Amino acid sequence: MKLFISRPLPTAVIARAERSFDVDVREQTTPMTHDEMVNSLRDYDLVLPTLGDLYSAEVFNQARNIRAKMLANFGVGYNHIDVDAAKAQGIAVSNTPGAVTDATADTAMTLILMTARRAGEGERLVRVGKWEGWHPTQLLGQHVTGKTLGIIGMGRIGEAIAHRCHYGFGMDVVFFNRSPKETSIPARQLSSIEDVASSCDILVIALPGGASTHHLINAEVFAAMPSHAIFVNIARGEIVDEAALIRALDNGQIAGAGLDVYEFEPKVPDALVARENVTLLPHLGTATLEVRTAMGMLAVENLEAFAAGETLVSPV
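Residues numbered from 1 in each chain as written. Predicted model: local features only at pLDDT ≥ 70, side-chain atom pairs only at ≥ 80, totals over all residues. Heavy atoms only, no water.

1. Observations concerning the sheet that holds strand 7 (residues 172–176)
Two strands in a sheet stick together by hydrogen bonds in their backbones, pointing the same way (parallel) or opposite ways (antiparallel). As summarised here, the arrangement of the seven strands in space is 8-7-6-9-10-11-12, forming an open sheet in which the pairing is parallel. Only two strands of the sheet have a single neighbouring strand rather than two, namely strand 8 (188–189) and strand 12 (278–280). Inspection of the sheet shows strand 6 (residues 148–152) paired to strand 9 (residues 202–205) by four bridges, in the parallel sense. Bridge pairing links Leu149 to Ile202 in strand 9. (Pairing = 2+ DSSP bridges. Helix = DSSP H or I, 4+ residues; strand = E, 2+ residues; numbered from the N terminus.)

2. Let's talk about a nonpolar patch on the surface
Taken together, the side chains of Val126, Trp131 and Trp134 define a hydrophobic patch exposed on the protein surface, amounting to about 420 Å² of accessible area. Note on placement: Trp131 falls in the loop between helix 6 (119–127) and strand 6. (Patch = residues over 30% accessible without salt bridge, like charges linked within 9 Å, V, L, I, M, F, W, Y side chains within 5 Å. Areas by Shrake-Rupley, 256 points an atom, 1.4 Å probe, with all protein chains shown as cover. Salt bridge = Lys/Arg side-chain N within 4 Å of Asp/Glu carboxyl O.)

3. Side note on the environment of Glu310
Relative to the elements of secondary structure, Glu310 occurs in the segment after helix 12 (289–307). Residue class for Glu310 comes out exposed when judged on its relative accessible area of 53%. A sequence separation of 150 residues divides Glu310 from Ala160, and the C-alpha atoms of the two residues are 31 Å apart. (Buried < 20%, exposed > 50% of the residue type's maximum accessible area, 1.4 Å probe, protein only.)

4. Things to note about the packing of helix 5 (residues 101–116) against helix 7 (residues 156–169)
Orientation of helix 5 relative to helix 7, taken along the N-to-C sense of each, is 50°, at an axis distance of 8 Å. With respect to each other, helix 5 and helix 7 are oriented oblique. Considering only the axes of helix 5 and helix 7, their crossing is right-handed. Note on element contacts: helix 7 touches helix 5 through Arg156, Ile157, Ala160, Ile161, Arg164, Cys165 and Phe169, opposite Thr101, Asp102, Thr104, Ala105, Asp106, Ala108, Met109, Ile112 and Leu113. A per-class count over the contact of helix 5 with helix 7 returns 10 nonpolar, two polar and four charged. (Axes fitted to C-alpha atoms, helices over the stretch in contact; angles between N-to-C directions. Parallel < 35°, antiparallel > 145°, perpendicular 65-115°, else oblique. Left-handed = near helix turned anticlockwise from the far one by under 90°. Contact = heavy atoms within 4.5 Å. Nonpolar A, V, L, I, M, F, W, Y, C, P; charged D, E, K, R; others polar.)

5. Quick notes on the packing of helix 1 (residues 11–20) against helix 12
Direction vectors running N to C along helix 1 and helix 12 enclose 10°, while the axes themselves pass 9 Å from each other. By the angle class used here, helix 1 and helix 12 are roughly parallel. Helix 12 is crossed by helix 1, and the crossing has right-handed handedness. Together, Ala12, Val13, Arg16, Ala17 and Ser20 of helix 1 and Arg292, Thr293, Gly296, Met297, Val300, Glu301 and Glu304 of helix 12 make up the contact between the two elements. Partitioning the contact of helix 1 with helix 12 into residue classes produces five nonpolar, three polar and four charged.

6. Some remarks on the state of the cysteines
Scanning all chains against the criterion turns up zero disulfides. Here Cys165 stays unpaired: no disulfide links it, and the sulfur of Cys200, its closest cysteine neighbor, is 11 Å away. A relative accessible area of 0% places Cys165 in the buried class. (Disulfide = S-S within 2.5 Å.)

7. Structural notes on unusual backbone geometry
For the bond from Glu265 to Pro266, the omega torsion is 10°, close enough to zero to count as cis. On the secondary structure map, Pro266 appears in the loop between strand 11 (256–259) and helix 11 (270–273). In this model, Arg118 sits at a positive phi of 60°, which is unusual for a non-glycine residue. If you trace the backbone, Arg118 turns up in the loop between helix 5 and helix 6. We classify Arg118 as partly exposed; its relative accessible area is 29%. Positive phi, close to 50°, is recorded for His283, a residue that is not glycine. Counting through the fold element by element, His283 comes out in the loop between strand 12 and helix 12. Classification of His283 by relative accessible area gives partly exposed; the value is 22%.

This is how it looks when you write it as structure tokens:
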């Protein structure tokens, strides 16, 4: 079977794929164009797409004589794939949950600590040669230990973040989840996002993307947060009304933000870039060799299962 991989992946992943399939790897590191996606559906039996490859209903409709029978998404989030449109064409879809959990939770901790302790601001001060030495009131940030963490979305990643914060930093945990959730750590489920926002010192978003969560974090949420609180997003950029976030920062409604994802990624608003109290990362959530390899291996494992007529390991 012919397999198309939309961007370069770790060497071990490509090697495994080549043992099972006739593989073509697209060498560009940018998302596929509309025409490339249409052609991938026409010319290959299997496709391994990545974040930003927007397989919309229009792509499926335009492809018409579709050869592809499976999309094995590289990543846990699959809101860039119209799953209903894919299934209407008889195309199976899988993703890579589990493999990303710890790395994404670690990135959340990085953003929490960097933002609370003003680490990005301090590093920039050193790099430009403006640090004049230690003094008692320089770059005073916020203590993290013992604070209250609020999590929106208590799935695998949300619970991994809560575990790190509670057991590593002695934080109390409150959370909002769309359904009742029993957690492995002491945590209180509250009835609304605003209730969580008003009750915490650090608010972390760990929701899936998609139409149901678009702009779920809005001006009302930021207005509910205490003025000393910091906001962290390691989920999907479009969950947050970025303009409302900027207004909240400009108006002093919140103390700072740590962001790994952006509403119009890779475009980052100048208003965020200019702010010293905002930590900005280039979507590093799962960016370790071990994790990206594990993600790729799970994607290939799904493809191998499909080719053998077996149940997918992680179907969507």
